[in-house]
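# Survey of secondary and tertiary structure
Listed below, chain by chain, are the residues.
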Amino acid sequence: MAHVSVPMYWRTIPQRYRLVGHRCRKCGKVNFPPKGVCKHCNVSSDFEEVPLSGRGRVHTFTLIGAGGAPPEFAEQEKAGGSYPVAIVELEEGPKIIGQMADVSPKDVKIGMPVRAEMRRIYREEGVIRYGFKFVPEEGA
Ligand SMILES: [Zn+2]
């Protein structure tokens, strides 16, 4: 999730607005974000698109504090101090990183059920950028 230019941003919209993985036709594992060659078997580049549910569990997390935050997090850091960023293992298998929302940093736990929601991430060059954040899955 490094800085991307505006044209690059628009090209990546399908991955940012819909969680779509690539299921490898050889080994059956799901790659997200999509790669040229399957990262699981390292041979196949034959994929089918699969929608991801966005549901998963916190695999690990960290608290982003003052300084050193990537640009998509810097605005929020200024506004709200430290906040949790989690690596979530989706139920389809891929692990993806995202900011946690709607939860106090002290309440984030490894293994907690979460789901991805589209949220405003930050604003730059007059463009509001959206991406997914993870929120606690209620009733799970
Ligand atoms: Zn594979």
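Quick note: structure is the one above.
Source: prediction; values computed, not measured. (Residues numbered from 1 in each chain as written. Predicted model: local features only at pLDDT ≥ 70, side-chain atom pairs only at ≥ 80, totals over all residues. Heavy atoms only, no water.)

### Observations regarding the nonpolar core
In this structure, L52, I96, M100, M112, V114 and F134 are the most contacted members of the largest nonpolar core, which totals 17 residues. At the level of secondary structure, the elements contributing two or more residues to this core comprise β5 (83–90) and β8 (127–136). Sort the elements by how many residues they give to this core and β5 lands first, with three residues. The contact partners of M112, leaving out residues within four places of it in the chain, are G56, R57, V58, M100, V103, D107 and P136. (Core = buried A, V, L, I, M, F, W, Y, C linked by side-chain atoms within 4.5 Å. Buried < 20%, exposed > 50% of the residue type's maximum accessible area, 1.4 Å probe, protein only. Helix = DSSP H or I, 4+ residues; strand = E, 2+ residues; numbered from the N terminus. Contact = heavy atoms within 4.5 Å.)

### Overview of the coordination of the zinc ion
Taken together, the protein donors to the zinc ion comprise C24 (SG), C27 (SG), C38 (SG) and C41 (SG), at separations of 2.3 to 2.4 Å. Each of the four donor atoms around the zinc ion contributes to a set of angles spanning 103 to 119°, which defines the coordination as tetrahedral. A relative accessible area of 22% places C41 in the partly exposed class. (Donors = N, O, S within 2.8 Å, 3.2 Å for Na, K, Ca; no water. Tetrahedral: all angles 85-135°; square planar, octahedral: opposite > 155°, others 65-115°.)

### Considering the pattern of salt bridges
Two side chains carrying opposite charge are able to pair once their charged atoms lie near each other. Taken as a whole, this structure holds nine salt bridges when the rule is applied. With a shortest N-O distance of 4.0 Å, R25 and E48 are connected by a salt bridge. You can see R25 sitting in the loop between β1 (20–24) and β2 (30–31) and its partner E48 sitting in strand β3 (residues 47–51), a full 23 residues away along the chain. Here the salt bridges share partners, and the residues they tie into one network are R55, E91, D102, R115, E117, R119 and E137. (Salt bridge = Lys/Arg side-chain N within 4 Å of Asp/Glu carboxyl O.)

### Considerations on unusual backbone geometry
With an omega of -10°, the peptide bond between F32 and P33 qualifies as cis. As for its placement among the helices and strands, P33 is situated in the loop between β2 and β3. A positive phi angle, close to 60°, is found at N42, a residue other than glycine. Residue classification places N42 among the exposed positions, given a relative accessible area of 59%. For D102, which is not glycine, the phi dihedral falls at a positive 60°. With respect to the secondary-structure elements, D102 resides in the loop between β6 (95–99) and β7 (113–124).

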